[in-house]
Amino acid sequence: MMGECEPPPGSAGAVVVRGAYKRYTSSAVVLNGLNMTVERGTVYGFLGPSGCGKTTLLSCIVGRNSLDAGSISLMVKSRSNIGYMPQELALSKEFRIAETMSYYGHLYGMDSAVLKKRKEELYALLDLPSEEKVIEKLSGGQQRRTSLCVALLHDPELLILDEPTCGVDPLLSHSIWQHLMALSRNYKKTIIITTHYIEEARQADRIGLMRGGEILAENSPAQLMVSNGCDNLEKVFLLLSQKQAITYDNSKIVKEYPKPKSKPSPPIKPRRTISWGHVYSHIVKSYYWLAANKPIVGFLMMLPIVQCFLFQLTVGRDPDELQMGFINGEVTNWKENCFDFANETCYLDYGFASCKFLDTLTRRNVKLVEYPDELSARNAVRQNAVWGFLRINSNYTAALRDRVFNSRIEVLELSEEDAPDMGVSDVKVWLDMSNQYIGYLLQRNLYFAYQDFYRDVHLSCDINPDVAKIPIKWEDAIYGSNSPTFSEFAVPAILQLFEFYLPMMFTVGAILMEKREGLLERSLISGMTLPEVLVGHAIVQFLVLAVQTLFMMLVLYVAFDNVIRGSAALALALLALVGLCGMCYGIFVSAICDSDQAATYMGLGSFFPLAMLSGMVWPFEGMHWTLRSVGWLLPLTMTTESYRSIAQRGWSLSHHMVYGGFISSLGWSIFFILATYFVIVVNKSIRLLK
Ligand SMILES: Nc1ncnc2c1ncn2[C@@H]1O[C@H](COP(=O)(O)OP(=O)(O)OP(=O)(O)O)[C@@H](O)[C@H]1O
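Note that the structure is a prediction, hence the values are computed from the model and not measured.

K.L.:
Explain the side chain of Ser606 here, please?
P.N.:
Assignment of secondary structure puts Ser606 in helix α20 (residues 596-613). Residue Ser606 is classed as buried on the basis of its relative accessible area of 17%. At 2.9 Å, the side chain of Ser606 and the side chain of Tyr585 are in polar contact. Those residues in contact with Ser606 that sit more than four places away from it in its chain are Tyr501 and Tyr585.

The structure is reproduced here in structure tokens:
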């Protein structure tokens with residue numbers, strides 16, 4: 001058996017595999033000391049049952065997987081000299097045939113005239129429909145022929161075709177075989193074909209029969225049949241499989257799995273430099289994808305606009321028209337009986353001061369509803385008709401007069417009967433505090449309305465109104481405005497969230513789609529490197545993000561009156577870094593998740609903890625101290641504070657609060673990239689062919 005694996009004398013091995021071992025787990029050995037020789041300029045039919053390890057071996061040959069022991073030597077020195085057609089389609093289904101050829105043409109660095117000529121030849125050979133057709137709309141056979149066309153496009157030295165004739169019409173299958181044979185005869189191309197149609201492989205120059213991690217036999221079809229006394233290849237395979245089983249049963253020697261000191265070196269040295277042509281081809285591909293998916297592009301652009309509008313219109317605005325009940329013991333039916341004040345009179349001498357107070361309250365955006373007694377007002381609160389109620393005593397104005405004019409200490413020290421009862425001038429309030437924000441807002445409005453009213457009372461009675469004022473003077477705020485809104489606090493946080501999660505979503509979507517459909521593997525085998533894919537993706541991502549950021553800025557800072565007090569360039573630079581960090585997180589998520597579902601769970605699962613622990617929903621200082629001690633480390637905590645410091649305090653990069661955000665974002669980006677590298681190296685998560 002081994003003798004048949006030696007290269008025939010005088011022949012040059014285009015692919016030579018010796019003593020190849022590979023296993024994924026200690027109990028599942030896939031390649032078990034395999035030897036294979038594919039001569040230059042021949043067609044090699046590679047046959048074996050499903051799951052025997054053909055794909056694993058091919059992945060090691062093209063350098064996307066590594067052997068545990070053994071060696072592989074190749075005649076070709078670069079991946080771009082290999083034409084590879086995987087078992088699955090591994091083409092973007094939403095692309096037209098022309099776009100697919102254009103992408104691979106750019107990837108292979110083909111001149112446009114050469115590409116055009118090559119396309120014409122191959123379209124005719126493979127009987128492809130109009131190149132304007134979208135791949136998704138082609139029949140299964142047409143799709144596979146398009147895939148074969150991609151493998152043949154750049155006229156490579158070595159062709160590796162995984163079931164190229166599967167699902168293809170017999171006539172066409174015959175013509176494909178004829179073409180491949182002609183390629184090997186006339187142009188000395190080396191071709192490895194796996195196929196399930198064993199008899200079809202009769203046309204190959206040599207056949208390798210694989211089973212149990214070994215090549216059972218390797219020879220020309222005719223010699224295999226003669227030497228085994230069979231009239232077809234099916235019988236040869238059956239006979240050799242039976243012989244292998246008997247040999248294993250009789251053999252008492254347990255083969256030890258080799259453990260070499262160092263891993264065998266890959267057959268093709270990985271390229272360390274970045275090819276800008278490859279980066280450009282990735283950008284071209286992304287452009288085609290965006291053009292083919294206009295609704296998704298529209299969604300990506302509209303999402304930040306809609307979200308920012310929704311945020312501005314729904315969050316941070318004070319609730320208005322809040323309903324509040326009241327019982328006025330001084331005067332009932334206030335709408336008709338109040339507001340009888342003549343100008344220049346002291347409110348405490350004529351009319352009812354309570355009316356003036358209620359009037360001031362309505363100007364603070366509180367909608368008043370009158371109730372005859374406490375019980376009915378309380379019932380109204382229970383029925384959620386009002387947010388609370390207040391009660392004014394029957395002789396309120398007189399009591400208030402005493403409070404204003406008779407508050408000297410000697411008056412208060414009078415006997416109980418003679419002393420004015422200050423409590424009568426208290427307005428009593430009962431609130432529904434189940435909604436903290438509305439409860440506090442009503443309290444605030446009541447305080448402010450009362451202050452205004454009390455000052456007016458003093459003014460109307462010729463008393464210096466400053467007496468009625470709380471003697472604290474609020475000077476201009478050092479940073480921010482004197483009456484800040486919640487949205488001023490939340491805008492930096494919202495921007496950070498969008499800038500982080502939009503690229504994350506886009507990146508995860510793009511990479512998982514490539515991974516899932518085998519597109520990434522195909523590009524990598526065609527000569528692209530992961531850094532080139534990432535650089536190309538980063539460029540496209542930044543262009544998309546730049547447009548999204550522009551839209552968000554227009555909504556937040558032009559359509560609504562938020563302000564950036566510091567350097568806008570610095571704020572944008574920080575947002576770009578946050579976008580980079582989101583993209584790196586997306587790359588990490590795509591490396592550890594194989595399905596959209598897992599990635600969605602991870603994205604959603606991280607969104608809420610990140611938003612809460614980063615002090616976006618509530619000030620960081622209000623967090624439990626145990627969480628606060630780690631919360632500042634998270635990717636969006638320092639960047640949010642940094643953005644706030646630039647936008648609202650106008651601080652520059654030299655301030656530690658500002659550069660802290662830049663360092664945090666850069667640090668997290670590096671961390672995500674290193675973690676991705678670790679996952680790829682340890683997990684080998686990006687499989688080669690399927
Ligand atoms: N990345 C991986 N991790 C774990 N097991 C793997 C991995 N890749 C392949 N295997 C296992 O190794 C064995 C060989 O798989 P491989 O895909 O090489 O077979 P194959 O001969 O190409 O099959 P088919 O003809 O169906 O394509 C299978 O049992 C498969 O489950």
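K.L.:
Please clarify how the domain arrangement of the protein should be interpreted in this entry.
P.N.:
Parsing the protein into structural domains produces domain 1 (13-76 + 157-251), domain 2 (91-155), domain 3 (293-313 + 485-683) and domain 4 (322-468). A separation of 95 Å is found between the C-alpha centroids of domain 1 and domain 4.

K.L.:
How should I be thinking about the pattern of salt bridges in this particular structure?
P.N.:
A side chain with one charge can pair with a side chain of the opposite charge if their charged atoms come near. With the rule as written, the count across this model stands at 22 salt bridges. Lys189 is the partner of Asp155 in a salt bridge, and the nearest nitrogen-oxygen pair spans 3.2 Å. In this pair, Asp155 is assigned in the loop between α4 (140-152) and β6 (158-162) and Lys189 in the loop between α5 (170-187) and β7 (190-194), connecting sequence segments 34 residues apart. A relative accessible area of 4% means that Lys189 is categorised as buried. When salt bridges with common partners are traced through the structure, they connect Lys117, Arg118, Glu121, Asp155, Glu157 and Lys189 into a single cluster.

K.L.:
Is there a simple way to explain the sheet that holds strand β2 (residues 28-39) in this structure?
P.N.:
The strands that make up a sheet are held in pairs by hydrogen bonds between backbone atoms, and each pair lies either parallel or antiparallel. In spatial order, the strands read β2-β1-β4; together these three strands make up an open sheet with antiparallel pairing. The open sheet is flanked by β2 and β4 (69-74), the only strands paired with a single partner. Going across the sheet, the axis of each strand differs from the next one's by a mean of 20 degrees, ignoring polarity. Sheet analysis places strand β1 (residues 13-25) next to β4, joined by five bridges and oriented antiparallel. Paired with Arg18 across the bridge in β4 is Ser71. Together, β1, β2 and β4 form the strand contacts of helix α1 (residues 54-61), whose direction differs from that of β2 by roughly 60 degrees.

K.L.:
Got a minute to help me understand the packing of helix α8 (residues 276-292) against helix α9 (residues 294-314) in this structure?
P.N.:
Helix-helix packing: each pair is described by the crossing angle between the helix axes and the interaxial distance. At a closest axis distance of 5 Å, the pairing of α8 and α9 adopts a crossing angle of 90 degrees. Between α8 and α9, the angle is such that the two are roughly perpendicular. Every residue of α9 that contacts α8 at Trp289, Leu290, Ala291 and Ala292 is listed here: Lys294, Ile296 and Val297. Taken together, the residues of the contact of α8 with α9 sort by class into six nonpolar, no polar and one charged.

K.L.:
For this particular structure, what's the right way to read the UniProt feature "domain: ABC transporter" (unreviewed entry) in the protein?
P.N.:
Following the UniProt record, one finds the feature "domain: ABC transporter" (unreviewed entry) at residues 15-237. In residues 15-237, helix accounts for 35% and strand for 27%; the two terminal C-alpha atoms are 23 Å from one another.

K.L.:
Would you mind showing me how to read the state of the cysteines here?
P.N.:
Disulfide: a covalent bond connecting the sulfur atoms of a pair of cysteines. Applying the stated criterion to the full structure yields two disulfides. Note on cysteine connectivity: Cys338 is disulfide-linked to Cys355, with sulfurs 1.9 Å apart. Looking along the S-S bond of the Cys338-Cys355 disulfide, the torsion reads about -60 degrees, which is the left-handed sense. Residue Cys338 is found in the loop between α10 (334-337) and α11 (353-362), and its partner Cys355 is found in helix α11; the two are separated by 17 residues along the sequence.

K.L.:
Quick question: what am I supposed to make of the nonpolar core here?
P.N.:
One broad rule of soluble globular proteins: the nonpolar side chains tend to lie buried together. Core analysis: the largest hydrophobic core is formed by 54 residues, its most contacted members being Tyr104, Leu159, Leu161, Leu180, Ile191, Ile207 and Leu209. Among the elements that take part in this core, α5 stands out by supplying six residues, more than any other. For Leu209, the contacting residues outside a window of four places in its chain are Leu47, Glu214, Ile215, Leu216, Ala217, Leu224, Val236, Phe237 and Leu240. The next biggest cluster of nonpolar side chains, apart from the first, holds 32 residues, and it includes Cys338, Ala353, Phe453 and Ala468.

K.L.:
What exactly am I supposed to notice about the sheet that holds strand β8 (residues 206-211) here?
P.N.:
Read from one edge to the other, the open sheet built from six strands follows the order β5-β6-β7-β3-β8-β9, with strand pairing classed as mixed. The open sheet has two edge strands, β5 (82-85) and β9 (214-219), and neither has a second partner. For this sheet the average axis-to-axis angle between neighbouring strands, irrespective of direction, equals 15 degrees. Sheet topology note: the β6/β7 ladder contains five bridges and is parallel. Looking at β7, one finds that Leu158 is bridged to Thr190. Strand contacts of α5: β3 (43-47), β6 and β7, with the helix running at about 150 degrees to β7, the strand carrying the most contacts.

K.L.:
Looking at this structure, how should I read the packing of aromatic side chains?
P.N.:
The geometry of two aromatic rings is summed up by the distance between their centres and the angle between their planes. Evaluated as defined, the whole model comprises 24 aromatic pairs. Taking the centre distance of 4.8 Å and the plane angle of 15 degrees together, the rings of Phe389 and Trp430 count as stacked. Taken together, the residues span a long stretch of sequence, with Phe389 in strand β12 (residues 388-392) and Trp430 in strand β13 (residues 428-431) at a distance of 41 residues. Residue classification places Phe389 among the buried residues on the basis of a relative accessible area of 2%. The exposure class assigned to Trp430 is partly exposed, which follows from its relative accessible area of 27%. Pairing Phe486 with Phe489 gives two aromatic rings, centres 5.7 Å apart and planes at 45 degrees, and the pair type is tilted. Placement of both Phe486 and Phe489 in helix α16 (residues 486-516) is noted, with a separation of three residues, approximately one turn of the helix. Under the relative-accessibility criterion, Phe486 is labelled partly exposed at 33%. Members of the aromatic cluster, each reached through a chain of ring pairs, are Phe500, Tyr501, Tyr585, Phe588, Phe607, Phe608, Trp668, Phe671 and Phe672. Just above the ring of Tyr257 sits the side chain of Arg23; from NZ or CZ to the centre is 3.8 Å. A cation over a ring is seen here: Arg522 above Tyr104, with NZ or CZ 5.9 Å from the ring centre.

K.L.:
In this structure, what is going on with helix α2 (residues 97-107)? I would like to understand it.
P.N.:
Three or four residues apart is the spacing at which side chains of an α-helix point the same way, because the helix has 3.6 residues per turn. With ten of eleven residues buried, α2 lies mostly within the body of the structure. For α2, every residue scored as buried is listed here: Ile97, Ala98, Glu99, Thr100, Met101, Ser102, Tyr103, Tyr104, Gly105 and Leu107. Considering only its buried residues, α2 is in contact with α3 (112-126), α4, α8 and α17 (519-525). Two residues or fewer past α2, Gly109 is found with a positive phi of approximately 65 degrees.

Each value, and the rule that gives it
Residues numbered from 1 in each chain as written. Predicted model: local features only at pLDDT ≥ 70, side-chain atom pairs only at ≥ 80, totals over all residues. Heavy atoms only, no water. Helix = DSSP H or I, 4+ residues; strand = E, 2+ residues; numbered from the N terminus. Buried < 20%, exposed > 50% of the residue type's maximum accessible area, 1.4 Å probe, protein only. Polar contact = N/O pair within 3.5 Å; in protein donor to acceptor, adjacent residues only side chain to side chain. Contact = heavy atoms within 4.5 Å. Domains from an automatic or database assignment. Salt bridge = Lys/Arg side-chain N within 4 Å of Asp/Glu carboxyl O. Pairing = 2+ DSSP bridges. Axes fitted to C-alpha atoms, helices over the stretch in contact; angles between N-to-C directions. Parallel < 35°, antiparallel > 145°, perpendicular 65-115°, else oblique. Nonpolar A, V, L, I, M, F, W, Y, C, P; charged D, E, K, R; others polar. UniProt positions renumbered as here; feature names shortened; annotations may be inferred. Disulfide = S-S within 2.5 Å. Core = buried A, V, L, I, M, F, W, Y, C linked by side-chain atoms within 4.5 Å. Phe/Tyr/Trp six-rings, centres within 6.5 Å; stacked < 30°, edge-to-face > 60°. Lys NZ or Arg CZ within 6 Å of the ring centre and 35° of its normal.

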